[in-house]
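So the chains spell out like this:
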Amino acid sequence: MEKYILALDQGTTSSRCIIFDHAGTVKSMAQKEIKQIYPRPGWVEHDPMEIWSSQLAVAAEALAQAGLNFSAIKAIGITNQRETAIVWDKLTGKPIHNAIVWQCRRTADKVEELKELGLTDYIRERTGLIPDAYFSATKIAWLLDNVKGARERAAAGELLFGTVDSWLVFKLTGGKKHLTDFTNASRTMIFDIHRLCWDEKLLGIHNIPRTMLPKVCPSGYYFGDTDPAILGGKIPIAGIAGDQQAALFGQCCFNKGEVKNTYGTGCFLLMNTGNEAVKSSHGLITTIAATVSTVATIGPVLPQYAIEGSVFVAGDAIKWLRDGMRLLSSAAESQEYAEKVSDTEGCYLVPAFTGLGAPYWNPYARGILVGITHGFSKEHFIRAALESIAYQTVDVLKAMEEDAGVAINSLRVDGGASANDFLMQFQADILNAETHRPECIETTALGAAYLAGLTTGFWSDTGEILKNWRLNRSFTPEIDETRRKELLAGWEKALGCALYAAR
Ligand code: ADP
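Below you will find a few notes about this structure. Nothing here was measured: the structure is a model prediction, and the numbers come from that model.

## Some words on the overall build of the protein
In terms of regular secondary structure, the protein is built from 17 helices and 23 strands. In terms of overall dimensions, the protein is globule-like: its C-alpha atoms have a radius of gyration of 22 Å, near the 23 Å expected for 503 residues. Burial status across the protein gives 58% buried among its 503 residues. Pairs at least 24 apart in sequence give 72% of the contacts found in the protein among residues at least 6 apart. Approximately 19,800 Å² of the protein is accessible, and the part contributed by carbon and sulfur atoms is 52%. For the protein, the distance from the average position of its 50 positive side-chain charges to the average position of its 57 negative side-chain charges is 5 Å.

Have a look at this one:
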């Protein structure tokens, strides 16, 4: 009796495994932190063997906790930190170096060179991305350039590259499969998101041999079986998606115009744009959304696309109030303080601690607190910090609305800070749209599970999955248009100050 789907969620700070039942309810969960390696300021690495062993350990632990063995698992879905690059030996399965993590800035200069070569438009056109060191391309080239003999070995076909999903599939299948999915490929900055193939010109620019790249498949797809020695028996791997795309899927944003926002350290906003790859004129990224290839799919798969924008500092501002300013004993406490006052008395915090992302794009902007008068208190400060998360979100959503030509009338939310009722209410107020918080906020793992379950017939179609999306709470706008305009105008002014200070 195969009653469950096992989701592997390989994140930046930890490896997790969640087992879901047919109702999308969590049966068991295990988590293990992974070591962050900082060889130099701005450089971030992970040990690929630790990524693999921790992922395997949590899978075994989640199975044991639930009292299940492999035969109860219908399929495995994988979701992962995106863009992180791993290169390994095809025969021995040994990595040639640590994984270079998405956050790592070591190739920032290389990206500047690409821009100077006039490649920005080409990269945007083909890959949907704005050239940046976050994406895998320059990380792969760095590994080939800096590990002794790597270029020669790569040219001789001895090395393989993969994002974390690809590495896990290779390990899970006992070295038999070298595959990835469209969502992960779309973050490498060498993948043509329109033609759905690796881009020869970009491969040439980075001198990356075609032979080291994985085959790219739809997110819901039969990727292969686990090696029986690994989890006690063969289990099909049937779903893969990068974390944010998995969350979009886990939130059941299957249709054009549907949007989710994950409120974590930062905010990650994705809007499904259907079969159209929308080009942003506001600095948002165009990316591939997760889709399932079914038996009924004849001919080339039509992917769904998404536009993506992120806010660098969101929940992190609350963490700063707690750890840096020592104004809070827990992040959750922020709600109670914010609700003690009826507004911020015209004060605004712009938490541009690391510059400002979409749609402002100014790396030199810095945090600023404006509008202080005698009445300003701790409560106002905390409230202003929470409100800043909602304002930044509105700015990204407005950019999405303009780019996609779709009006946003509701927002699905998840992530740690989405638990804050004050923030969710203020978000609805200032956006003038409903916010919907699901019961299960493990949407990333759930999205991977849905992909694997749909591919293997565990769930028959997305309609059946939609029934699993259970509402925890909705928040409806409660302020009038005049007040909304007034608040937004104040935020605009504050942003202006943060940008002025950046000059
Ligand atoms: P990540 O996955 O980025 O580590 P999480 O989804 O776990 O983030 O969310 C943690 C972040 O959310 C932290 O920055 C924390 O300060 C913030 N946070 C957590 N709970 C709350 C809350 N109730 N209210 C406001 N912020 C919160």
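Next, the rest of the story.
## A closer look at the nonpolar core
Counting 59 residues, the largest nonpolar core has Tyr263, Leu321, Val350, Ile389, Leu397 and Met400 as the members making the most contacts within it. Looking at this core element by element, the count peaks at 14 residues for helix α13 (residues 378-404). In this view, Ile389 contacts Tyr263, Cys267, Ala314, Gly315, Ile318, Leu423 and Gln427; residues no more than four positions away in its chain are not counted. Counting residues in hydrophobic clusters, the runner-up holds 40 residues, among them Val44, Ile140, Ala154 and Ala185.

## Considerations on the sheet that holds strand β16 (residues 267-272)
Strand order in this open sheet of 7 strands is β17-β18-β16-β15-β21-β22-β23, and the pairing throughout is mixed. Because the sheet does not close on itself, it has two edges, and the strands there are β17 (285-289) and β23 (471-475). Strand-to-strand, the axes of this sheet are offset by a mean angle of 30°, without reference to chain direction.

## So, the site of the ligand
As a matter of local geometry, the ligand sits amid 13 residues, with Thr265, Gly315, Ala332, Gly416 and Asn420 nearest to it. One of the backbone N or O atoms of Gly315 is found 2.9 Å from an oxygen atom in the ligand. Between the ligand and the protein, one listed contact pairs an oxygen atom with a backbone N or O atom of Gly416 at 2.8 Å. In isolation the ligand offers 580 Å² of accessible surface; the protein chains occlude 65% of this area. The element contributing the most residues to the shell around the ligand is helix α11 (residues 315-323), with 4 residues. Counted by class, the shell around the ligand contains 4 nonpolar, 7 polar and 2 charged residues.

## Quick look at the packing of aromatic side chains
Under the criterion given, the structure shown has 18 aromatic pairs. When the centroid spacing of 5.3 Å and the interplanar angle of 75° are considered together, the rings of Tyr221 and Phe223 count as edge-to-face. Between Phe312 and Trp361, the aromatic rings sit 6.2 Å apart at their centres with planes inclined by 70°, giving edge-to-face as the arrangement. Of this pair, Phe312 sits in the loop between β18 (304-311) and α11 while Trp361 sits in the loop between β19 (348-350) and β20 (368-370); the two residues are 49 residues apart in sequence, bridging distant segments of the chain. Among the aromatic residues, ring-to-ring pairing joins Tyr348, Tyr391, Phe422, Phe426 and Trp491 into one connected group.

## Examining the sheet that holds strand β14 (residues 236-242)
As summarised here, the arrangement of the 6 strands in space is β3-β2-β1-β5-β14-β13, forming an open sheet in which the pairing is mixed. The open sheet is flanked by β3 (26-33) and β13 (220-225), the only strands paired with a single partner. The mean angle between the axes of side-by-side strands here comes to 25°, regardless of whether they run parallel or antiparallel. Sheet topology note: the strand β2 (residues 14-20)/β3 ladder contains 7 bridges and is antiparallel.

## Considerations on helix α3 (residues 120-127)
Looking at α3, one finds that the buried residues are Tyr122, Ile123, Arg124 and Thr127. Along its buried surface, α3 packs onto α2 (108-116), β10 (191-192), α8 (200-206) and β17. Count one or two residues on from α3 and you reach Gly128, which has phi positive near 80°.

## A word on the packing of helix α14 (residues 421-431) against helix α17 (residues 481-500)
Interhelical geometry of α14 versus α17 gives an angle of 100° and a closest axis separation of 9 Å. Here α17 runs roughly perpendicular to α14, going by the angle between their axes. Seen from α14, the contacting residues are Phe426, Asp429 and Ile430; seen from α17, they are Arg484, Leu487 and Leu488.

Conventions we followed
- Residues numbered from 1 in each chain as written.
- Predicted model: local features only at pLDDT ≥ 70, side-chain atom pairs only at ≥ 80, totals over all residues.
- Heavy atoms only, no water.
- Helix = DSSP H or I, 4+ residues; strand = E, 2+ residues; numbered from the N terminus.
- Rg over C-alpha atoms; globule rule 2.2 N^0.38 Å.
- Buried < 20%, exposed > 50% of the residue type's maximum accessible area, 1.4 Å probe, protein only.
- Contact = heavy atoms within 4.5 Å.
- Areas by Shrake-Rupley, 256 points an atom, 1.4 Å probe, with all protein chains shown as cover.
- Lys, Arg positive; Asp, Glu negative; His and termini not counted.
- Charge placed at Lys NZ, Arg CZ, Asp CG, Glu CD.
- Core = buried A, V, L, I, M, F, W, Y, C linked by side-chain atoms within 4.5 Å.
- Pairing = 2+ DSSP bridges.
- Axes fitted to C-alpha atoms, helices over the stretch in contact; angles between N-to-C directions.
- Near = heavy atom within 4 Å.
- Polar contact = N/O pair within 3.5 Å; in protein donor to acceptor, adjacent residues only side chain to side chain.
- Nonpolar A, V, L, I, M, F, W, Y, C, P; charged D, E, K, R; others polar.
- Phe/Tyr/Trp six-rings, centres within 6.5 Å; stacked < 30°, edge-to-face > 60°.
- Parallel < 35°, antiparallel > 145°, perpendicular 65-115°, else oblique.

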